[in-house]
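Examining the three-dimensional arrangement
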Amino acid sequence: MTDSLLVTVPAHPIDAVLAFGSNLGDREATVEAALAALAAAPGVELVAASRLYETVAVKPDGVDHEAPSYLNGVARIRTGLSPLDLLALVHRVEHAHGRVRVERWGDRTLDIDVVLYGDLTSDDATLTLPHPRAHERDFVLVPWLEIDPDAVVPGRGRADELLRGLPTSTLTVYAGERR
Ligand SMILES: Nc1ncnc2c1ncn2[C@@H]1O[C@H](COP(=O)(O)OP(=O)(O)OP(=O)(O)O)[C@@H](O)[C@H]1O
Ligand SMILES: Nc1nc2c(c(=O)[nH]1)N=C(CO)CN2
């Protein structure tokens, strides 16, 4: 059964953190369009967005240098949407940008994860909060720390300390292909 908190409309706007990834097509245009769509959505205010980072694809067996690399970024929004309405919005934006799911962690034009919704924790498979793998992903922690140096993953610890515990990072700041 879905946790009732996941369908509760908040009494006050909630800060939520979203992580973006794209490794197919015009990655920069896709991420920028997704951010614009989220910023324009009723009940969402875009508060901050990180730079984009070029990152090596991580597959279930480890990093895959043969796969197209990702652009990753993180945004903080303030929202009056319930957690599940936010997830539904994120899915609509993914589908509007041609998201096709073929295999687990397969290449994709756009992936948006809900990293955090306020301090809500959930172990519901439909929306697990905080995102169950955010704490082990440099491609989430690095851009998140850029916009929130004191970021904390509830139940896991400070993002800067989590990052220090990960293998050497393969991220580089994306300078842009068209600029
Ligand atoms: N915090 C969350 N953010 C986004 N989706 C989530 C979250 N928790 C659970 N899900 C569920 O996970 C399902 C699969 O999501 P998705 O296809 O984006 O996974 P993935 O990108 O392949 O892998 P990962 O979740 O490791 O990034 C979604 O349909 C969604 O209901
Ligand atoms: N570098 C990188 N690798 C990934 C990413 C991602 O966003 N960036 N997302 C995945 C599943 O969501 C799987 N692997």
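About the cut-offs
- Residues numbered from 1 in each chain as written.
- Chains lettered and ligands numbered in written order.
- Predicted model: local features only at pLDDT ≥ 70, side-chain atom pairs only at ≥ 80, totals over all residues.
- Heavy atoms only, no water.
- Near = heavy atom within 4 Å.
- Polar contact = N/O pair within 3.5 Å; in protein donor to acceptor, adjacent residues only side chain to side chain.
- Areas by Shrake-Rupley, 256 points an atom, 1.4 Å probe, with all protein chains shown as cover.
- Helix = DSSP H or I, 4+ residues; strand = E, 2+ residues; numbered from the N terminus.

Attention now goes to the site of ligand 2. If you check the shell around ligand 2, you find 12 residues, and the closest are Thr55, Val56, Val58, Asn72 and Asp111. In this structure, valine 58 approaches ligand 2 through a main-chain N or O atom, which is 2.7 Å from a nitrogen atom. One of the side-chain nitrogen or oxygen atoms of asparagine 72 is found 2.8 Å away from an oxygen atom of ligand 2. Bound to the protein, ligand 2 loses 96% of the 340 Å² it would expose on its own.

The environment of ligand 1 is formed by 16 residues, the closest being Val114, Thr126, Thr128, Arg133 and Arg137. Aspartate 111 has a polar side-chain atom sitting 2.9 Å from an oxygen atom of ligand 1. With respect to ligand 1, the side chain of histidine 131 contributes an N or O atom lying 3.1 Å from an oxygen atom. For ligand 1, the accessible surface in isolation is 620 Å², of which the surrounding protein chains cover 83%. When contributions to the shell around ligand 1 are tallied by element, the ones reaching two or more residues are α2 (83-96), β7 (111-117) and β9 (127-129).

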